[in-house]
Amino acid sequence: VTLILGTDDTAALQAATAAAKAANARGTVRVPAGGYIFTELPFDFGESAVVHAACGLLGDGSNCTVFYPSPDYDFGSVASNNGIFARFDGYGREGHIEGLRIEGHSYSMAGSGYWIISDTSNGATFRDVRVENLKGFTGQLLLNGADFLVDRCHFEGGGYLGVHIGGGGVFQNSYTGNHGYVGLLIAAVSGEGNTGLHLAVIGCIIDESASYSAYVRASKDVKFTACRFFGPSSAYACVVDGTSKAR
């Protein structure tokens, strides 16, 4: 039995997002400390009014500003392979999400094919973001953009994937673990040549998940520095396939 107490805050969150995009293509939605329930995509930062700009989302800290997806979330409000909480699309530049938590209380939702947060933009920053105990989704964070920065974030308790990285940038001082399949999947990151998207993973804990804790697939020039890997008893902590180059 899952009890959700409170009102549906979706309309207010969507209105704040729309106002920020209309007033200033680089505007920031500020959400103060408290708990917020959403039943549709609240933070759609795609297709900003000014191309190559993106809005941001700022909470009062991951232990203070907390969002809860409702068990009756309307998946028709967002296209598949996108974030159900927030998304940046390919038009975006230098968006940011900071100081908040998305909590699922381990309730299994019908979210196969969806993520919690998705990014296909350029230069996005994610700092002090916690995504925890969200079951039934493909994964928690999808990073297919370029030049991203993930710093001091925490991803735990996903039903399948934790973090999927398909672009270049920096993933640092963060944790991912206790997921139903792989905690950190790095796939198709091209780090060679003049247009390569280099990926650096620095100072992270990649904790055990049900299968490999980290899996590097079809990627070039992935660099791990000062990271700790913990593998499950039945699989390796980190696997690099034969087509990849990691150091």
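Residues numbered from 1 in each chain as written. Predicted model: local features only at pLDDT ≥ 70, side-chain atom pairs only at ≥ 80, totals over all residues. Heavy atoms only, no water.

Visitor: Whenever I open this one, the nonpolar core confuses me. Can you help?
Guide: Within soluble globular proteins, side chains that are nonpolar generally end up buried alongside one another. Judged by nonpolar contacts, the single largest core of 54 residues is most densely connected at Phe43, Phe67, Phe85, Ile102, Ile117, Ile165 and Ile186. Dropping the residues within four chain positions of it, Phe67 is found in contact with Leu13, Val31, Tyr36, Phe38, Phe43, Phe85, Leu100, Arg101, Ile102 and Glu103. (Core = buried A, V, L, I, M, F, W, Y, C linked by side-chain atoms within 4.5 Å. Buried < 20%, exposed > 50% of the residue type's maximum accessible area, 1.4 Å probe, protein only. Contact = heavy atoms within 4.5 Å.)

Visitor: I tried to follow the packing of aromatic side chains on my own but got confused; where do I start?
Guide: Two measures describe an aromatic ring pair: the distance that separates the ring centres and the angle between the ring planes. With the rule as written, the count across this model stands at 15 aromatic pairs. On the numbers, 5.4 Å between centres and 75° between planes, the contact of Phe224 with Phe229 is edge-to-face. For Phe229, a relative accessible area of 28% gives the class partly exposed. Members of the aromatic cluster, joined through ring pairs, are Tyr36, Phe38, Phe43, Phe45, Phe67, Tyr73, Phe75, Phe85, Phe88, Tyr114, Phe126 and Phe137. (Phe/Tyr/Trp six-rings, centres within 6.5 Å; stacked < 30°, edge-to-face > 60°.)

Visitor: Would you take a moment to explain the environment of Asp128 for this structure?
Guide: Position of Asp128 among the secondary structure elements: in strand E9 (residues 125–132). Residues Asp128 and Cys153, 25 residues apart in the sequence, show an inter-C-alpha distance of 4.9 Å. Apart from the residues lying within four places of it in its own chain, the contact partners of Asp128 are Gly61, Ser62, Glu98, Gly99, Leu100, Asp151, Arg152 and Cys153. Within the local environment of Asp128, its side chain forms a polar contact with the side chain of Ser62, the two groups lying 2.7 Å apart. (Helix = DSSP H or I, 4+ residues; strand = E, 2+ residues; numbered from the N terminus. Polar contact = N/O pair within 3.5 Å; in protein donor to acceptor, adjacent residues only side chain to side chain.)

Visitor: Please explain the state of the cysteines as it appears in this structure.
Guide: One way to say it: the disulfide is the covalent bond shared by the sulfur atoms of two cysteines. Under the counting rule described, the total for this entry stands at zero disulfides. You can see Cys153 has no disulfide; the closest cysteine sulfur is in Cys204, sitting 9.5 Å from it. Taking relative accessible area as the criterion, Cys153 reaches 3% and is therefore assigned buried. A disulfide-free cysteine, Cys204 has its sulfur positioned 4.9 Å from the sulfur of Cys227, the nearest such atom. (Disulfide = S-S within 2.5 Å.)

Visitor: When you look at the side chain of Thr176 in this model, what are you seeing that I'm missing?
Guide: Summarising the element assignment, Thr176 is placed in strand E15 (residues 175–177). Look at Thr176 and you get buried, because its relative accessible area is 0%. Polar side-chain contacts of Thr176 include one of 3.0 Å to the side chain of His179. With near-sequence residues (within four places) excluded, Thr176 lies in contact with Phe155, Gly162, Val163, Gly183, Leu184, Ile205, Ile206 and Asp207.

Visitor: Is there a simple way to think about unusual backbone geometry in this case?
Guide: Unlike most non-glycine residues, Ala218 shows phi in positive territory, near 50°. Inspection of the secondary structure assignment puts Ala218 in the loop between strand E19 (214–217) and strand E20 (222–225). Its identity as a non-glycine residue notwithstanding, Ala226 has a phi of 55°, on the positive side. Within the secondary structure, Ala226 sits in the loop between E20 and strand E21 (228–229). Using a relative accessible area of 67% as the deciding quantity, one classes Ala226 as exposed.

Visitor: Would you explain the sheet that holds strand E6 (residues 83–88) in this entry?
Guide: Each strand in a sheet pairs with its neighbour through backbone hydrogen bonds, running either in the same direction (parallel) or in the opposite one (antiparallel). Strands sit in the order E3-E6-E8-E10-E13-E16-E19-E22 across an open sheet of eight strands; the sheet is parallel. Pairing within the sheet leaves two strands with one partner each, and these edge strands are strand E3 (43–44) and strand E22 (238–240). Of the pairings in the sheet, the one linking E6 to strand E8 (residues 108–119) comprises four bridges and is parallel in character. Paired with Phe88 across the bridge in E8 is Asp119. (Pairing = 2+ DSSP bridges.)

Visitor: Which parts of the structure should I look at to understand the pattern of salt bridges?
Guide: Opposite charge on two side chains permits pairing when their charged atoms draw close. The tally for this structure, following the rule as stated, stands at 10 salt bridges. Between Arg127 and Glu98 there is a salt bridge; the shortest N-O distance is 3.8 Å. Of this pair, Arg127 sits in strand E9 while Glu98 is found in strand E7 (residues 96–103), placing the two residues 29 residues apart along the sequence. For Arg127, a relative accessible area of 25% puts it in the partly exposed group. Here Asp221 ties to Arg247 by a salt bridge, and the two come within 2.9 Å at their closest N and O atoms. A residue pair is termed long-range when its members are at least 10 positions apart, and Asp221 in the loop between E19 and E20 and Arg247 in the segment after E22 qualify at 26 residues. A relative accessible area of 61% places Arg247 in the exposed class. (Salt bridge = Lys/Arg side-chain N within 4 Å of Asp/Glu carboxyl O.)

Visitor: Explanation requested: helix H1 (residues 10–23) in the structure shown.
Guide: Side chains that are three or four residues apart share a direction in an α-helix, a result of its 3.6 residues per turn. Its 14 residues give H1 an end-to-end C-alpha distance of 20 Å, which sits within 8% of 20 Å, the value for a rise of 1.5 Å per residue. For H1, the set of buried residues is Thr10, Leu13, Thr17, Ala20 and Lys21. Each buried residue of H1 sits inside an arc of 100° when the element is viewed along its axis, so together they form one side. Along H1, exposed side chains directed more than 90 degrees from the buried face belong to Ala11, Ala12, Ala22 and Ala23. As for H1, its buried residues are in contact with strand E1 (28–30), strand E2 (34–38), E3 and strand E5 (65–69). (Expected span 1.5 Å × (residues − 1). Arc of directions from axis to C-beta.)

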